[in-house]
Amino acid sequence: QQQVKQSPQSLIVQKGGISIINCAYENTAFDYFPWYQQFPGKGPALLIAIRPDVSEKKEGRFTISFNKSAKQFSLHIMDSQPGDSATYFCAASADNYGQNFVFGPGTRLSVLP
Amino acid sequence: DTAVSQTPKYLVTQMGNDKSIKCEQNLGHDTMYWYKQDSKKFLKIMFSYNNKELIINETVPNRFSPKSPDKAHLNLHINSLELGDSAVYFCASSQEAGEETQYFGPGTRLLVL
């Protein structure tokens, strides 16, 4: 019930392309869905987040699409750049889990120059 | 100034030893967390703690214990280290429990021989 699934495990995209990472969850109590970006040797950092009351949120080149009925959400990175190469984690939280985050297993993105 | 700092950055030790990892945040946050990231990059919460409440992930062995001398510090003590404890441990903090943004430290890479 607490699991968050994420795919693909790894992704290679050409510079300027669109990177798409998908996540799915089971617990309908989840009410907050952040994406974290982690560079090698660093801690994760919040990239963008969404709540279920909206279906899409965009910040610069990063967009979250949220499908409440399907219990799925995805991260789209437009005009992908080599500097976007990192591991991306989706996560979810809910009041009945102390608002602690449940992280997906991560997607390693490589953007080729 | 580093918002969330951890020491040491690397820790190599023998099986059976007891060790501690220190974490400090200068953000004035009320809630701190410990996460374990295994070799497959999977992030899993171990503890969340504020002045009032310690939430323990039930899968965490009782060899692990958080200790908070004050609101800005949350140290992680590990007794009788085992090979499977080898991982990267991240400390994080947020303004309050359930706050949306968690700020992660740089991680402590623990290797148990």
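Below you will find a few notes about this structure. Bear in mind that the values here come from a model prediction, so they are computed numbers and not experimental data.

## A few points about the overall build of chain B
1) Next: When helices and strands are tallied, chain B shows zero helices and eleven strands.
2) Next: Start at the N end of chain B and walk to the C end: the helices and strands fall as β-β-β-β-β-β-β-β-β-β-β.
3) Next: Referenced to the eigenvectors of the C-alpha coordinate spread, the extents of chain B come out at roughly 35 × 30 × 30 Å.
4) Next: Put simply, chain B has 113 residues, and 42% of those count as buried.
5) Next: Excluding contacts between residues fewer than 6 apart, the proportion of contacts in chain B whose partners are at least 24 apart in sequence is 56%.
6) Next: For chain B, the exposed area adds up to about 5700 Å²; of that, 49% sits on carbon and sulfur atoms.
7) Next: Positive and negative charge centroids in chain B, built from 12 and 13 side chains respectively, lie 8 Å apart.

## Quick look at the interface of chain B and chain A
Interfaces are often sized by the accessible area lost when the parts come together.
1) Next: Contact residues are listed per partner, giving 20 residues for chain B and 19 residues for chain A.
2) Next: Taking both sides of the interface into account, the surface hidden between chain B and chain A amounts to around 1600 Å²; carbon and sulfur atoms contribute 54%.
3) Next: Across the contact surface, chain B and chain A share zero salt bridges.
4) Next: There are three residue pairs in polar contact (both at pLDDT 80 or more) connecting chain B and chain A.

## Details of a nonpolar patch on the surface
Residue and element names in this part refer to chain A.
1) Next: There is a patch of nonpolar side chains on the surface, built from Ile18, Ile20 and Met78 and spanning about 240 Å² of accessible area.
2) Next: Inspection of the secondary structure puts Ile18 in the loop between β2 (10-14) and β3 (19-25).
3) Next: The class of Ile18 is partly exposed, set by a relative accessible area of 46%.

## Digging into the sheet that holds strand β7 (residues 64-70) of chain B
Residue and element names in this part refer to chain B.
1) Next: Taking strand neighbours across the sheet as the criterion, the four strands line up as β1-β3-β8-β7 in an open arrangement whose pairing is antiparallel. Bordering the open sheet on either side are β1 (4-7) and β7, each of which pairs with just one other strand. The mean inter-strand angle of the sheet, taken between neighbouring strand axes irrespective of direction, is 20°.
2) Next: Across five bridges, β7 lies against strand β8 (residues 73-78) in antiparallel orientation. Residue pairing in the sheet places Phe64 in a bridge with Ile78 of β8.

Criteria and thresholds
Residues numbered from 1 in each chain as written. Chains lettered and ligands numbered in written order. Predicted model: local features only at pLDDT ≥ 70, side-chain atom pairs only at ≥ 80, totals over all residues. Heavy atoms only, no water. Helix = DSSP H or I, 4+ residues; strand = E, 2+ residues; numbered from the N terminus. Buried < 20%, exposed > 50% of the residue type's maximum accessible area, 1.4 Å probe, protein only. Contact = heavy atoms within 4.5 Å. Areas by Shrake-Rupley, 256 points an atom, 1.4 Å probe, with all protein chains shown as cover. Lys, Arg positive; Asp, Glu negative; His and termini not counted. Charge placed at Lys NZ, Arg CZ, Asp CG, Glu CD. Buried area = accessible area lost by both parts, 1.4 Å probe. Salt bridge = Lys/Arg side-chain N within 4 Å of Asp/Glu carboxyl O. Polar contact = N/O pair within 3.5 Å; in protein donor to acceptor, adjacent residues only side chain to side chain. Patch = residues over 30% accessible without salt bridge, like charges linked within 9 Å, V, L, I, M, F, W, Y side chains within 5 Å. Pairing = 2+ DSSP bridges. Axes fitted to C-alpha atoms, helices over the stretch in contact; angles between N-to-C directions.

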